[in-house]
Amino acid sequence: MTTTTTLDVVIVGAGFSGLYMLHKMRGLGFTARVYEAGGGVGGTWYWNRYPGARVDIESHEYSYSFSPELEDDWVWTERYAAQPELLKYLNHVADRFDLRRDIQFDTRVQAAHFDETAGRWTVTTDGGETISARFCVMAIGCLSVTKEVDLPGAETFQGAAYHTGHWPHEGVDFSGLRVGVIGTGSSAIQSIPQIAKQAAHLTVFQRTANYSVPAHNAPADPEVLAHWKANRAELRAQARLSPTGFLSWDPSEALAVEATEEERQAVFEDRWRRGGFAMGGAYADTLADMTANGYAAAFVADKIRALVADPATAEKLIPKSYPFATKRLCVDIDYHVTYNRPNVSLVDLREEPIETITATGVRTAAGDYAFDAIVYAIGFDAMTGPLGRIDIRGRGGLALKDKWAEGPRTYLGLMVAGFPNLFLVTGPGSPSVLSNMVVSIEQHVDWISDCVAYLHNRQLAVMEATEEAEAGWVAHVNESADATLYVQANSWYLGANIPGKPRVFMPYVAGVGVYRETCDAVAAKGYEGFALSPTPG
Ligand code: FAD
Ligand code: NAP
């Protein structure tokens, strides 16, 4: 006999989003429980344990801001924390707020169906459990489903094969091995310098060269941390209203097209020296004007030429097929100089495409490469991928994947018409992956919590985005993206990395601060654009 667990709120996922959501729901007095496919908390930082994995935003900014006590009792050891420290932090959060007793690990949610009569969600798991809840929160992450290896012959490889997105917990020792890395996105760019230090030989297979800027990582600077602590409330408030959700982007209002060449060089040099995403904020027109963008691209190209000893390798590493910063910038430690090592070589797949994976390695149009291990750093089925893996059905049994067959449709990236009381954290149509995600996550969790409390206090049974509001928001999200250079890159933001995925720009580009104000205004007007009803029907 199957028993049904009855809750006010069912939360799927125990990363940054799910942990904070649980804490908030408990604080409001609701019964809530988290279901997590992994064996522990952490989400991204639980699964992505590849060598070199670390944050791309300074740690004191990429951390929760909801609890001053938590902020006081956690001190980051590095400017950019590595995965083990991030995982330790999230475990600390789970312990500090006693969250584990309401998290069920090793449990994958398979389906979520809305019962129109009861006005409740029925959620089922791979363990055969059934949960009935008034509200369902999908805190399942934007980058939690890895892209499947789509190369022929992959199953025939006799050596060890790894995907950066679900790395073995015990780690991998590449000492003395011939290793091939496929991909040159952020995961590859972080892991390549580390694998190169161990491997007998490392061959990198690059299809698209990517823009990467130096992190200039270092032990956390006590002065920076002290300044942050002393001014935290104000700095956090600034970050929340900024375009990207973190301050080191430091957006300039100056236009590159109006600056002299000398001025531009000085600005770019300063930003490069600061490290990380500072390069992205150098000029206000970088993401809007191709000429302006070309200045930043040319500056990075010159840096690559200066860093990489072999001119032919340097030319291959210079991105040429998309505008600067229209994919999330990679933030690296010693990436380009790694190609100066005698045990590292680069294969340009534009010159010699992969034909097949073989029993012994990789065969390209130019010949065979033999490996003991292959690392697939090939990315994720981003944003819609994790939602698409769950059989989500709203009113009239409508499947979310059918509704989204031509691309995701949401109102504010938070809710979907026809799917009452279902909330998405950092869903498509919100700034999400374009931002400091912890800031975006906190904003969504706070907004959802306020909304649930509002409904409860007014004895309203259901809340649902109207078709009209959703259509208006989708059009606005598309128009905003179309006004930028973002749409000119074949990025995962557009689903371009997954064959057959609709080409729709998924995140909202107008900025974290603007978006927050829009969400707050919607709530202040009694949840404008949503239908609120005392009865489920
Ligand atoms: P996740 O951390 O992805 O957690 C979602 C959880 O939901 C996962 O544990 C997953 O197992 C679980 N789940 C999914 N589907 C189901 C299901 N059906 N049933 C049960 N459980 C399910 N962002 C930044 O802002 N800065 C960074 O530096 C940064 N670095 C990153 C590095 C890597 C390698 C990756 C992949 C992403 C990075 N991101 C970064 C984005 C990162 O995903 C977010 O910052 C943040 O960790 C997301 O938290 P989350 O809780 O929303 O999702
Ligand atoms: P990604 O950016 O999608 O990169 C995947 C790489 O694999 C690309 O170079 C891609 O080439 C290549 N690839 C995919 N399929 C291939 C194939 N069949 N043959 C050859 N090459 C193939 O994925 P990611 O590096 O995992 O990063 C995803 C996102 O996660 C990032 O954008 C970022 O948001 C986040 N992340 C952040 C950090 C960090 O710095 N903190 C680290 C890792 C990830 P093409 O470009 O040609 O498709």
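It should be noted that the structure appears before, not after, this text.
Residues numbered from 1 in each chain as written. Chains lettered and ligands numbered in written order. Predicted model: local features only at pLDDT ≥ 70, side-chain atom pairs only at ≥ 80, totals over all residues. Heavy atoms only, no water.

J.: Go over the site of ligand 2 with me, naming the residues and quoting the values.
T.: The environment of ligand 2 is formed by 25 residues, the closest being Arg54, Asp150, Ser187, Arg207 and Thr208. Here a nitrogen atom of ligand 2 sits 2.8 Å away from a polar atom, N or O, in the side chain of Lys147. At a separation of 3.2 Å, an oxygen atom of ligand 2 approaches a polar backbone atom of Ala377. Per element, the largest residue contribution to the shell around ligand 2 is three residues, and it comes from helix 5 (residues 186-198). (Near = heavy atom within 4 Å. Polar contact = N/O pair within 3.5 Å; in protein donor to acceptor, adjacent residues only side chain to side chain. Helix = DSSP H or I, 4+ residues; strand = E, 2+ residues; numbered from the N terminus.)

J.: Explain the sheet that holds strand 12 (residues 344-348) to me, and be specific about the residues and the numbers.
T.: Pairing is parallel across the open sheet formed by five strands, whose spatial order is 7-16-8-9-12. The two strands at the open ends of the sheet, each matched to only one other strand, are strand 7 (160-163) and strand 12. Strand-to-strand twist of the sheet, defined as the mean angle between neighbouring strand axes without regard to direction, takes the value 20°. Both strand 9 (residues 201-206) and strand 12 contribute to a ladder of five bridges, which runs parallel. Each residue of the ladder has a partner; that of Leu202, found in strand 12, is Val344. (Pairing = 2+ DSSP bridges. Axes fitted to C-alpha atoms, helices over the stretch in contact; angles between N-to-C directions.)

J.: How would you explain the layout of surface pockets if you had to name every residue and give the values?
T.: There is about 620 Å³ of room inside the second largest pocket. As for the second largest pocket, its lining consists of 34 residues, and the residues nearest its centre are Pro243, Thr244, Trp249, Leu287 and Tyr486. Residue-level mapping places the lining of the second largest pocket at the junction of two domains, with at least three residues from each of domain 1 (4-41 + 99-144 + 382-526) and domain 2 (154-376). (1 Å grid on protein atoms, 1.4 Å probe; cavity = no way out; pocket = protein on both sides within 12 Å on 5 of 7 lines; lining within 4 Å. Points joined across faces, edges and corners; volume = space filled by probe spheres on them. Domains from an automatic or database assignment.)

J.: Run through the packing of helix 6 (residues 222-230) against helix 7 (residues 232-240), naming residues and quoting values.
T.: For the pair helix 6 and helix 7, the least separation of the axes is 5 Å and the interaxial angle reads 85°. Regarding the angle of helix 6 to helix 7, the classification is roughly perpendicular. Each of His227, Trp228, Lys229 and Ala230 in helix 6 lies in contact with helix 7, whose residues at this interface are Arg232, Leu235 and Arg236. Residues of the contact of helix 6 with helix 7, tallied by class, amount to three nonpolar, one polar and three charged. (Parallel < 35°, antiparallel > 145°, perpendicular 65-115°, else oblique. Contact = heavy atoms within 4.5 Å. Nonpolar A, V, L, I, M, F, W, Y, C, P; charged D, E, K, R; others polar.)

J.: Any details on the nonpolar core? Residues and values, ideally.
T.: One recurring pattern in soluble globular proteins is that nonpolar side chains are buried together. Counting residues in hydrophobic clusters, the biggest one holds 128 residues, and the most contacted among them are Tyr64, Leu412, Trp447 and Phe530. The element contributing the most residues to this core is helix 13 (residues 437-457), with nine residues. The residues contacting Tyr64, other than those within four sequence positions of it, are Gly15, Phe16, Leu19, Tyr20, Leu70, Glu71, Tyr89, Leu90, Val93, Arg236, Val438 and Glu442. Core analysis: the next-biggest nonpolar cluster, separate from the first, contains 25 residues, Cys136, Ile140, Ile392 and Leu422 among them. (Core = buried A, V, L, I, M, F, W, Y, C linked by side-chain atoms within 4.5 Å. Buried < 20%, exposed > 50% of the residue type's maximum accessible area, 1.4 Å probe, protein only.)

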